[in-house]
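Residues per chain are reported as follows:
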Amino acid sequence: QVPMLAHPDVKKEDAIKSIYPNPTSDKINIVMDGSIHKSAQVSIKDISGKTILQQTISSDNATIDMSHLTAGLYIMEAALPNGKMQVFKLVKQN
């Protein structure tokens, strides 16, 4: 069991509370506080800013498959219904 660690920049009012494991070799789990927001539009971008993957999450626990991505640094942006954006760094390993 990998411990869930909240991102250091997560605030009480933020919808996404944690992402684990990070670094990952295949999938990431996203823990969202559904009492704050019911959904989020998640985009994963490579270091050049190109969108690699987009997915809407609408549950408190969601999984995104990153196994097909090459090893490296990625940025995950979560657009919330209230117009706010949460941004996280993700590390993909082989």
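Placed above this text is the structure.
Residues numbered from 1 in each chain as written. Predicted model: local features only at pLDDT ≥ 70, side-chain atom pairs only at ≥ 80, totals over all residues. Heavy atoms only, no water.

(A) Just the pairing of strand E7 (residues 85-92), in detail. The alternating pattern of E7 places Gln86, Phe88, Leu90 and Lys92 on a buried face, while none of Met85, Val87, Lys89 and Val91, on the opposite face, is buried. Sheet analysis places strand E6 (residues 72-79) next to E7, joined by eight bridges and oriented antiparallel. What sits directly across from Glu77, in E7, is Val87. Taken together, E6 and the strand that follows it, E7, pair antiparallel across an intervening segment of five residues, in which Gly83 is found at a positive phi of about 90°. (Buried < 20%, exposed > 50% of the residue type's maximum accessible area, 1.4 Å probe, protein only. Helix = DSSP H or I, 4+ residues; strand = E, 2+ residues; numbered from the N terminus. Pairing = 2+ DSSP bridges.)

(B) The arrangement of the environment of Lys27 in detail. For Lys27, the position within the fold is in strand E2 (residues 27-32). For the pair formed by Lys27 and Met66, sequence separation is 39 residues and the distance between their alpha carbons is 5.3 Å. Not counting chain neighbours up to four residues away, the residues in contact with Lys27 comprise Pro21, Thr63, Ile64, Asp65 and Met66. (Contact = heavy atoms within 4.5 Å.)

(C) Just the sheet that holds strand E5 (residues 61-65), in detail. Taken together, the three strands give an open sheet; going across it, the order is E1-E2-E5, and neighbouring strands pair in antiparallel fashion. In this open sheet, the two edge strands, each paired with only one partner strand, are strand E1 (16-20) and E5. Neighbour to neighbour, the strand axes of the sheet diverge by 20° on average, direction disregarded. As judged from the five bridges shared by E2 and E5, these two strands associate in the antiparallel manner. Each bridged residue has a counterpart across the sheet, and for Lys27 the counterpart in E5 is Asp65. (Axes fitted to C-alpha atoms, helices over the stretch in contact; angles between N-to-C directions.)

(D) Structural view of the sheet that holds E7. Here four strands make up an open sheet; going across it, the order is E4-E3-E6-E7 and the pairing antiparallel. Every interior strand has two partners, whereas the edge strands, strand E4 (51-57) and E7, have only one. Within this sheet the neighbouring strands show an average axis-to-axis angle of 20°, counted without direction.

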